[in-house]
Amino acid sequence: MRTGGSGADERRLRAVGDPPAADREAITRAIEACAGRPAGVPVAGLRAAVAEHLAVAREAVPADAVTAALGLLIATNRVDESGGRLVAVPQEARRAG
């Protein structure tokens, strides 16, 4: 059964798809929260951990947005990578840094 839309409309809807569920700020906060866990978070599982923290599917968290947020957090010394895991940098260390 066809709806009233044209074939072009149907193709456009499929091509556009759903927008990402998480914005850059939410992803940044989620990375900080994951890195703040006692053992940090494995770098390889960061996207999945962010998705879990945000309670969305992994596919709803754009990989490039995670990479950009991670770069910002490392550049501003809010997280660091050690032994394949991301860990939060204590505020005292940031001040001294």
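Remember, it's a predicted structure, so these values are computed and weren't measured experimentally.

Colleague: Looking at this model, I keep getting lost on the overall build of the chain. Mind explaining?
Modeller: Per the secondary structure count, the chain includes five helices and three strands. The N-to-C order of helical and strand elements in the chain reads α-α-β-α-α-β-β-α. A total of 97 residues make up the chain; the buried ones form 26% of that total. Total accessible area on the chain is roughly 6,400 Å²; 53% of this is exposed by carbon and sulfur atoms.

Colleague: For this particular structure, what's the right way to read the sheet that holds strand 3 (residues 85–88)?
Modeller: Sheet strands pair by backbone hydrogen bonding; their relative direction is either parallel or antiparallel. Within the open sheet, the three strands sit side by side as 1-3-2. Their pairing is antiparallel. Where the open sheet ends on each side, the last strands, each with one partner, are strand 1 (41–42) and strand 2 (79–82). In the sheet, strand 2 pairs with strand 3 via four bridges, with the strands oriented antiparallel. Paired with Ser82 across the two strands is Arg85, which belongs to strand 3. Sitting on the sheet, helix 2 (residues 24–35) is in contact with strand 1, strand 2 and strand 3, with an inclination near 95° to strand 3.

About the thresholds
Residues numbered from 1 in each chain as written. Predicted model: local features only at pLDDT ≥ 70, side-chain atom pairs only at ≥ 80, totals over all residues. Heavy atoms only, no water. Helix = DSSP H or I, 4+ residues; strand = E, 2+ residues; numbered from the N terminus. Buried < 20%, exposed > 50% of the residue type's maximum accessible area, 1.4 Å probe, protein only. Areas by Shrake-Rupley, 256 points an atom, 1.4 Å probe, with all protein chains shown as cover. Pairing = 2+ DSSP bridges. Contact = heavy atoms within 4.5 Å. Axes fitted to C-alpha atoms, helices over the stretch in contact; angles between N-to-C directions.

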